[in-house]
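Architecture at a glance
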Amino acid sequence: NLIDQVVEMLIRYRHAHLHMGATVRHAFAIVSERDRDFFGIPESEHRRMFWNARLLLGAYVAVIVWAVAAQSWLPVVFLLLPHSYGAWLHDLCSRAQHDGLATDIKDHRMTTRTMLLGPVLRFLYWNMNFHIEHHLYPSVPHYNLPACHKACVDARMLEGAEVVDLGEALGKIFADPPAEPSTA
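In what follows, the accompanying structure is described. Quick caveat: nothing in here was measured; it's all calculated off a predicted structure.

Description of the packing of aromatic side chains
Overall, the coordinates contain 0 aromatic pairs when judged by the stated rule. Above the plane of the ring of Trp51 lies Arg54, whose end atom (NZ or CZ) is 4.7 Å from the centre.

As structure tokens, this is what we get:
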């Protein structure tokens, strides 16, 4: 329901539980069945995954130890919590770009939407609001996506695609029932 979606978007409990739980398990070389199903990492990559998880967990512990030694919350506030501060915006934009669109076709103009945002949100979201363009040309750096969008519009490549403002995109995903997957 809508309230559950908003609460999850704001506090990201399920996301944190899933990923932090997996990080701790993987740091101790434990891969659960759910990890196998959800993450789908091949067994040949498990050793690298374990070391990556150990490094990440070690970094988290180091920041916490630093904060305790410095008797200051600043290392935690500036190094561990920023993901939480901006996660709601990322989640909101991500939902607005993908929800309610086709999922089983390869035409990115039908599976994503580009949102027209103001300069502040565009900056905070690293121009990823030009999402169709990002999927069409994934090697284009974020700072060149506005020019890429203009080139796509000029070349009439976005005809038939959803290029809408944020309010219209949110209206589509929160007001309308979920769309049935296309059969194209």
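From this point, the narrative continues.
Notes on the packing of helix α6 (residues 82-98) against helix α11 (residues 166-175)
Running from N to C, α6 and α11 point in directions that differ by 75°, and their axes come no closer than 9 Å. One way to sum up the angle between α6 and α11 is to call them roughly perpendicular. Where α6 abuts α11, its residues Leu92, Arg95 and Ala96 lie against Leu166, Ala169, Leu170, Ile173 and Phe174.

Focus on α6
Across its 17 residues, α6 extends 24 Å between first and last C-alpha, which sits within 8% of the 24 Å expected from 1.5 Å per residue. A bend of about 35° at Trp88 is the largest found in α6. Among all positions of α6, only Ala87, Leu89, Asp91, Leu92, Cys93, Arg95, Ala96 and Gln97 are buried. Positive backbone phi, at 80°, marks Gly100, one or two positions downstream of α6.

The rules we used
- As a convention, each chain's residues are numbered from 1 in the sequence order in which they are written.
- pLDDT decides what is reported in this predicted model: residues at 70 or higher carry local features, side-chain atom pairs at 80 or more are listed and counted, and totals for whole chains, interfaces and linings draw on all residues regardless.
- Side-chain descriptors were evaluated using all non-hydrogen atoms of the structure, hydrogens and water having been removed beforehand.
- When the centres of two rings from Phe, Tyr and Trp lie within 6.5 Å, Trp using its six-membered ring, the rings pair. Their planes under 30 degrees apart give stacked, over 60 give edge-to-face, and anything left gives tilted.
- By definition, being over a ring means that NZ of Lys or CZ of Arg is both within 6 Å of the ring centre and within 35 degrees of the ring normal.
- All axes are obtained by fitting lines to C-alpha atoms, using only the stretch in contact for helices, and the reported angles, taken between N-to-C directions, cover 0 to 180 degrees.
- Only runs of H or I of at least four residues qualify as helices and only runs of E of at least two qualify as strands under DSSP, and these elements are numbered from the N terminus.
- Convention used here: angles under 35 degrees read as roughly parallel, angles over 145 as roughly antiparallel, angles from 65 to 115 as roughly perpendicular, and any remaining angle as oblique.
- By the convention used here, residues are in contact when the closest approach between their heavy atoms is within 4.5 Å.
- To estimate the expected span of a helix, count its residues, drop one, and scale the result by 1.5 Å.
- Given a residue, its bend is the angle between the two axes fitted to the seven residues that end at it and to the seven that start from it.
- Three labels apply to residues, based on accessible area from a 1.4 Å probe with only protein chains included: buried if under 20% of the type maximum, exposed if over 50%, partly exposed otherwise in between.

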